[in-house]
Number of protein chains: 2
Amino acid sequence: MTRRIPEAALEFGGIKGDRHFGITSKADSRQPMYPRGTEILNRRQITIVSEEDLAQIARELEIEKVLPEWLGANLLVKGYPELTKLTLGSRILFPSGAGLICMGENMPCTLPGEEIQKHYEHHAKLATRFVKAGYKRRGIVCAVERPGIIHETDEVQILVNDYSNPMQ
Amino acid sequence: MTRRIPEAALEFGGIKGDRHFGITSKADSRQPMYPRGTEILNRRQITIVSEEDLAQIARELEIEKVLPEWLGANLLVKGYPELTKLTLGSRILFPSGAGLICMGENMPCTLPGEEIQKHYEHHAKLATRFVKAGYKRRGIVCAVERPGIIHETDEVQILVNDYSNPMQ
């Protein structure tokens with residue numbers, strides 16, 4: 001279950017108690033280069049979506065809204081519409097000094113769509129339509145680069161990694 | 001000191017005993033977004049250079065050769081000249097099942113150049129000239145995604161991450 005909390009402690013591995021917490025995780029269908037279930041480095045510790053992307057998904061699905069908790073997202077950011085396009089290696093820095101490093105785009109699957117469907121019983125095929133509506137709007141996955149406390153109202157600094165002149 | 005070994009065990013964190021080993025490492029001048037010395041996620045566990053890139057650096061410096069151990073590289077690959085351009089999120093897979101994930105380009109600094117200079121006393125300014133000669137030829141840094149044994153003669157499979165249709 002996903003619920004809103006006013007603050008959280010980022011640790012190496014993610015947020016303790018979250019189902020994605022861990023320095024390592026088990027390979028699944030997303031990593032076909034490894035046998036399913038083998039222990040691999042966890043780059044999907046924290047998922048982030050943008051309010052603007054969610055609004056766009058809702059418009060496309062012709063529903064009132066899509067809440068981040070329906071997608072199982074850990075964080076919601078506002079004011080950065082292009083979040084899903086954030087390059088790998090980019091940093092998201094919090095006032096406490098905590099830092100996340102972007103490990104890439106989150107790929108849409110049908111599970112969040114099934115959750116959305118539950119909230120809009122009279123709309124047809126939201127689960128499958130979500131895959132298309134969520135394309136390039138599904139947010140990003142991150143790893144904790146530097147631990148620290150984060151708060152609901154934190155203003156974050158986003159350092160965009162330029163592939164032609166990369167940050168280290 | 002860097003010496004050649006016929007095989008090595010990749011563990012989460014890198015190669016035990018190597019100075020870059022660790023799930024975390026201390027931020028240095030390469031990560032100006034964090035205070036120097038703070039513990040951050042270690043994405044520079046394994047450094048890899050290509051034989052073709054080293055040959056090109058040597059040509060540019062007008063010296064006979066540049067050995068990977070002079071640069072402190074952990075691995076040398078042959079037959080993949082574009083190694084330094086390998087995209088973030090790309091995988092290097094070994095016959096044992098071990099896997100590395102590319103965390104980006106290694107940036108040249110003057111230290112390896114100073115090492116090269118020691119081997120060619122009669123050539124001028126190799127340390128500073130190395131920075132330019134090594135630009136975009138300095139190889140990549142990787143994290144261990146899946147542990148396993150690797151051998152000197154291993155043939156690796158390289159899965160290139162396409163940013164427009166990224167691997168997870």
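- Chain A carries the name MOSC domain-containing protein in an unreviewed UniProt entry, which gives Neobacillus bataviensis as its organism.

1. Side note on the relation of the copies chain A and chain B
Inference 1: The two copies are related by a screw motion: chain A maps onto chain B through a turn of 180° and a shift of 0.0 Å along the axis, at an RMSD of 0.0 Å. Here the transformation between the copies is reduced to the relation of a two-fold axis. Ranked by how close their C-alpha atoms come to the rotation axis, the residues of chain A are headed by Leu-88 of chain A, at 3.3 Å.
Inference 2: Looking at the interface residues of chain A, 100% of them are also at the interface in chain B, so both copies use one shared face.

2. Points about the environment of Pro-112 of chain A
Residues and elements named next belong to chain A.
Inference 1: On the secondary structure map, Pro-112 appears in helix 2 (residues 110-119).
Inference 2: Of the residues examined, Pro-112 reaches a relative accessible area of 6% and is grouped as buried.
Inference 3: Once the C-alpha coordinates of Pro-112 and Glu-155 are considered, the two residues, 43 residues apart in sequence, prove to be 27 Å apart.

3. Side note on the pairing of strand 4 (residues 46-50) of chain A
All names here are of chain A.
Inference 1: Within strand 4, 5 of the 5 residues are buried, leaving the element largely enclosed by the surrounding structure.
Inference 2: Taking every second residue as pointing to the same face, both faces of strand 4 are buried, with Ile-46, Ile-48 and Ser-50 on one and Thr-47 and Val-49 on the other.
Inference 3: Taken together, the 3 bridges between strand 4 and strand 8 (residues 140-146) define a ladder with antiparallel strand orientation. In the sheet register, Ile-48 faces strand 8, and the bridge partner there is Ile-140.

4. Examining the pattern of salt bridges
Residues and elements named next belong to chain A.
Inference 1: Taken as a whole and judged by the stated rule, the model has 22 salt bridges over all chains.
Inference 2: A salt bridge links Lys-132 to Glu-60, with the shortest nitrogen-to-oxygen separation between them at 3.9 Å. Of this pair, Lys-132 sits in helix 3 (residues 126-133) while Glu-60 sits in helix 1 (residues 51-61), and the two are 72 residues apart along the sequence.
Inference 3: Using a relative accessible area of 32% as the deciding quantity, one classes Glu-60 as partly exposed.

5. Side note on the pairing of strand 1 (residues 7-10) of chain B
Residues and elements named next belong to chain B.
Inference 1: Of the two faces of strand 1, only one is covered, namely that formed by Ala-8 and Leu-10; the face formed by Glu-7 and Ala-9 stays uncovered.
Inference 2: For strand 1 and strand 9 (residues 148-151), the ladder comprises 4 bridges, and the chain directions are antiparallel. Looking across to strand 9, one finds that Glu-7 is bridged to His-151.

6. Considering the packing of aromatic side chains
Inference 1: What the rule picks out here adds up to 3 aromatic pairs over all chains.
Inference 2: Measuring from centroid to centroid gives 3.8 Å for Tyr-163 of chain A and Tyr-163 of chain B, while their planes differ by 0°, and the two rings are stacked. With Tyr-163 of chain A in the segment after strand 10 (157-159) and Tyr-163 of chain B in the segment after strand 10 (157-159), this residue pair bridges two chains.
Inference 3: On the basis of relative accessible area, Tyr-163 of chain A is assigned to the partly exposed category, the value being 28%.

7. Brief notes about the interface of chain A and chain B
Inference 1: Contacts between the two partners involve 41 residues from chain A and, on the opposite side, 41 residues from chain B.
Inference 2: Between chain A and chain B, roughly 3200 Å² of surface is buried when both sides are summed, and carbon and sulfur atoms account for 64% of that area.
Inference 3: Taken together, the connections running from chain A to chain B amount to 0 salt bridges.
Inference 4: Taken together, the elements giving at least two residues each to the side of chain A that touches chain B come down to strand 3 (39-41), strand 6 (91-93), strand 7 (99-105) and strand 8 of chain A.
Inference 5: Take the side of chain A that touches chain B: its biggest share by element is 5 residues, from strand 7 of chain A.
Inference 6: Residue composition of the side of chain A that touches chain B, by class: 21 nonpolar, 11 polar and 9 charged.

8. Details of the state of the cysteines
Inference 1: Evaluation of the coordinates by the stated rule reveals 0 disulfides over all chains.
Inference 2: Summary of cysteine pairing: Cys-102 of chain A is not part of a disulfide, and the nearest cysteine sulfur, belonging to Cys-142 of chain A, is at 5.1 Å.

9. A look at the sheet that holds strand 5 (residues 75-77) of chain B
Residue and element names in this part refer to chain B.
Inference 1: Pairing within the open sheet is mixed, and its 6 strands lie in the order 5-4-8-7-6-10. Looking along the sheet, the strands with just one partner apiece sit at the ends: strand 5 and strand 10. Between one strand axis and the next, the sheet turns by 35° as a mean value, whatever way the strands run.
Inference 2: Bridge count between strand 4 (residues 46-50) and strand 5: 3 bridges; the pairing is parallel. Across the sheet, the residue bridging to Ser-50 is Val-77, located in strand 5.
Inference 3: Lying over the sheet, helix 1 (residues 51-61) contacts strand 4 and strand 5, oriented at roughly 65° with respect to strand 4.

10. As for the side chain of Asn-161 of chain B
All names here are of chain B.
Inference 1: As for its position among the elements, Asn-161 is in the segment after strand 10.
Inference 2: Among the residues examined, Asn-161 registers a relative accessible area of 2% and is labelled buried.
Inference 3: Separated by 2.8 Å, the side chain of Asn-161 and the backbone nitrogen of Met-167 make a polar contact.

11. Describing the packing of helix 2 (residues 110-119) of chain B against helix 3 (residues 126-133) of chain B
Residues and elements named next belong to chain B.
Inference 1: As a packed pair, helix 2 and helix 3 sit with axes 7 Å apart at the nearest point and diverge in direction by 130°. On the basis of their axis angle, the class for helix 2 and helix 3 is oblique. Here the hand of the crossing between helix 2 and helix 3 comes out right-handed. The segment helix 2 lies against helix 3, with Thr-110, Pro-112, Gly-113, Glu-114, Ile-116 and Gln-117 engaging Leu-126, Ala-127, Phe-130 and Val-131.

Rules of the game
- Residues numbered from 1 in each chain as written.
- Chains lettered and ligands numbered in written order.
- Predicted model: local features only at pLDDT ≥ 70, side-chain atom pairs only at ≥ 80, totals over all residues.
- Heavy atoms only, no water.
- Least-squares fit on C-alpha atoms with pLDDT ≥ 70 in both.
- Contact = heavy atoms within 4.5 Å.
- Helix = DSSP H or I, 4+ residues; strand = E, 2+ residues; numbered from the N terminus.
- Buried < 20%, exposed > 50% of the residue type's maximum accessible area, 1.4 Å probe, protein only.
- Pairing = 2+ DSSP bridges.
- Salt bridge = Lys/Arg side-chain N within 4 Å of Asp/Glu carboxyl O.
- Phe/Tyr/Trp six-rings, centres within 6.5 Å; stacked < 30°, edge-to-face > 60°.
- Buried area = accessible area lost by both parts, 1.4 Å probe.
- Nonpolar A, V, L, I, M, F, W, Y, C, P; charged D, E, K, R; others polar.
- Disulfide = S-S within 2.5 Å.
- Axes fitted to C-alpha atoms, helices over the stretch in contact; angles between N-to-C directions.
- Polar contact = N/O pair within 3.5 Å; in protein donor to acceptor, adjacent residues only side chain to side chain.
- Parallel < 35°, antiparallel > 145°, perpendicular 65-115°, else oblique.
- Left-handed = near helix turned anticlockwise from the far one by under 90°.

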